[in-house]
Structure formats: structure tokens, C-alpha cells
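Close look at the chain arrangement
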Amino acid sequence: MTNMPIWRIRVATPEDAETLSLIGSATFLEAFAGVVHGQGLLAHCRTSHSPETYRRYLESGARIWLAEVEPGHAPVGYALTCTPELDQAKDGDVELKRIYVLAKFQGTVIASALMRNVLEAAQADGHKRLLLGVKNDNQRALSFYAKNNFETIGSRSFDVGGVIYDDFVLARPLAALATT
């Protein structure tokens, strides 16, 4: 993208559930169409990216940051942290469940700004590590996480529409925040 629009990141609220659902589905389809079975993608979007799913996350204490651009605060990405749902989690961990940015805005400052918000909030909340799961062949995401000091600590199976895929589980100590 040559002309970066005016952008902002703000904390999402339950009123943003429909928006989060749309951007979550759009970015998931954009990232995995042609990689993951089409019907599985659609089923995953209907369940894992439903407005109700986002409302439940927010009601349970998850934090979501929404990235928007002008004109009109168009949503282009978001990051979601929650209580860890990964087997490798320990006391003091928090999970980066999702950090999604539309392809048109990847490679801009938006993903880094979302990550900075996540790291600052997790450290301020007293968490010791930030965990995440990522498809094991998603090289673009793996490169982004490596640049942000994440290391592989294990693996998991991830079900998308009844088909099992392999993910890496990554972690980043939050004490490393001062060195970025």
C-alpha cells in the first residue's frame, strides 16, 4: 500500500460484535481460501466468527482492539486476547487468540500497532507470557511473530469445519517488552 490512510486503534465494546464478526470472517477467508477446505472455512466463520462469539469473549473478560481507517472508521483488523485456551498455558499467561489485518493493510504499521497494544496491556495486567496458536505453514504470520520475539513451545491440532490442521504454539515472555 503506497498511501497509508489515516488510521486509529480503539478498544472494542460489545456493540462492535457485528463489525468484529465481519472483519474476522473476511480476514480468515482471505488468509485461508485455497489452503483450507471451502465448506470448512464457511462453517468456521459461521461459528467462530459469529457476533455472539465476540459478545461472549467480551463478556468473559477478553480484550479486543479494533483498527480502523478513514474515511468513516472502516474496520481493517483487530487483536483479541483472552484467558488461555491452549494446553501449554501456565499461570500468568494470556492468549493472543487473534490478530487479523486485511491483506491490503498488511505490511503497514497497523499490525505492529495492534501488537504493541496487546503487549502493553498484557504487561500492565501482570501477565508473564503471551501465547498464541498459528497454522504451521503460515509463513507470513510466523515471520511477523518471530520479529516480535515469539518462539515455538509446542503444537496443537486445530479443527476447521471438521478437518484437523496442525498449528504451532508460540510464546513470548512479557519481560522482553522493554527490549523491543
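Source: prediction; values computed, not measured.

The next point concerns the pattern of salt bridges. Counted under the stated rule, the structure contains eleven salt bridges. For arginine 55, the salt bridge identified is with glutamate 18, shortest N-O distance 3.9 Å. Placement of the pair is arginine 55 in helix 3 (residues 51-59) and glutamate 18 in helix 1 (residues 17-32), with a sequence separation of 37 residues. Accessibility expressed as a relative area gives 27% for arginine 55, which makes it partly exposed. Glutamate 18 sits in the partly exposed class, given a relative accessible area of 48%. Across the salt bridge formed by glutamate 52 and arginine 55, the nearest N and O atoms sit 3.6 Å from each other. Of this pair, glutamate 52 and arginine 55 both sit in helix 3, three residues apart, which is roughly one turn of that helix. Because the salt bridges share partners, they merge into one network encompassing Arg8, Arg10, Asp16 and Glu68.

The next subject is the confidence of the model for the protein. Chain-level statistics for the protein give a pLDDT mean of 94 and a share of 96% at 70 or above. Here residues 176-180 is modelled with pLDDT under 50, and outside its nearest four sequence neighbours on either side it reaches six contacts, counting other chains as well.

Next up on the list: the sheet that holds strand 1 (residues 7-11). What the seven strands build is an open sheet, ordered 1-2-3-4-5-7-6; its pairing is mixed. Strand pairing shows two members of the sheet lacking a second neighbour, strand 1 and strand 6 (151-160), which therefore form its edges. This sheet shows a mean twist of 25° between the axes of neighbouring strands, independent of strand direction. Those strands touched by helix 1 are strand 2 (63-69), strand 3 (74-82), strand 4 (93-101), strand 5 (129-135) and strand 6, and its axis lies near 95° from that of strand 3. Strand contacts of helix 5 (residues 139-147): strand 4, strand 5 and strand 7 (163-173), with the helix running at about 165° to strand 5, the strand carrying the most contacts.

Think of a ball as big as a water molecule: rolled over the atoms, this probe shows where empty space is left. By volume, the largest pocket is sized at about 1000 Å³. Residue lining of the largest pocket: 39 residues in total, with Ile99, Tyr100, Asn138, Ala141 and Tyr145 positioned closest to the centre. The element contributing the most residues to the lining of the largest pocket is strand 4, with seven residues. In the lining of the largest pocket, the residues fall into 19 nonpolar, eleven polar and nine charged.

So, on to the packing of aromatic side chains. Counting across every chain of the model gives five aromatic pairs. Here the aromatic rings of tyrosine 78 and tyrosine 100 are separated by 5.7 Å at their centres, their planes lie at 75°, and the arrangement is edge-to-face. Here tyrosine 78, found in strand 3, pairs with tyrosine 100, found in strand 4; they are 22 residues apart in sequence, far enough to count as distant. Residue classification places tyrosine 100 among the buried residues on the basis of a relative accessible area of 18%.

Analysis parameters
- Residues numbered from 1 in each chain as written.
- Predicted model: local features only at pLDDT ≥ 70, side-chain atom pairs only at ≥ 80, totals over all residues.
- Heavy atoms only, no water.
- Salt bridge = Lys/Arg side-chain N within 4 Å of Asp/Glu carboxyl O.
- Helix = DSSP H or I, 4+ residues; strand = E, 2+ residues; numbered from the N terminus.
- Buried < 20%, exposed > 50% of the residue type's maximum accessible area, 1.4 Å probe, protein only.
- pLDDT = per-residue confidence, 0-100.
- Contact = heavy atoms within 4.5 Å.
- Pairing = 2+ DSSP bridges.
- Axes fitted to C-alpha atoms, helices over the stretch in contact; angles between N-to-C directions.
- 1 Å grid on protein atoms, 1.4 Å probe; cavity = no way out; pocket = protein on both sides within 12 Å on 5 of 7 lines; lining within 4 Å.
- Points joined across faces, edges and corners; volume = space filled by probe spheres on them.
- Nonpolar A, V, L, I, M, F, W, Y, C, P; charged D, E, K, R; others polar.
- Phe/Tyr/Trp six-rings, centres within 6.5 Å; stacked < 30°, edge-to-face > 60°.

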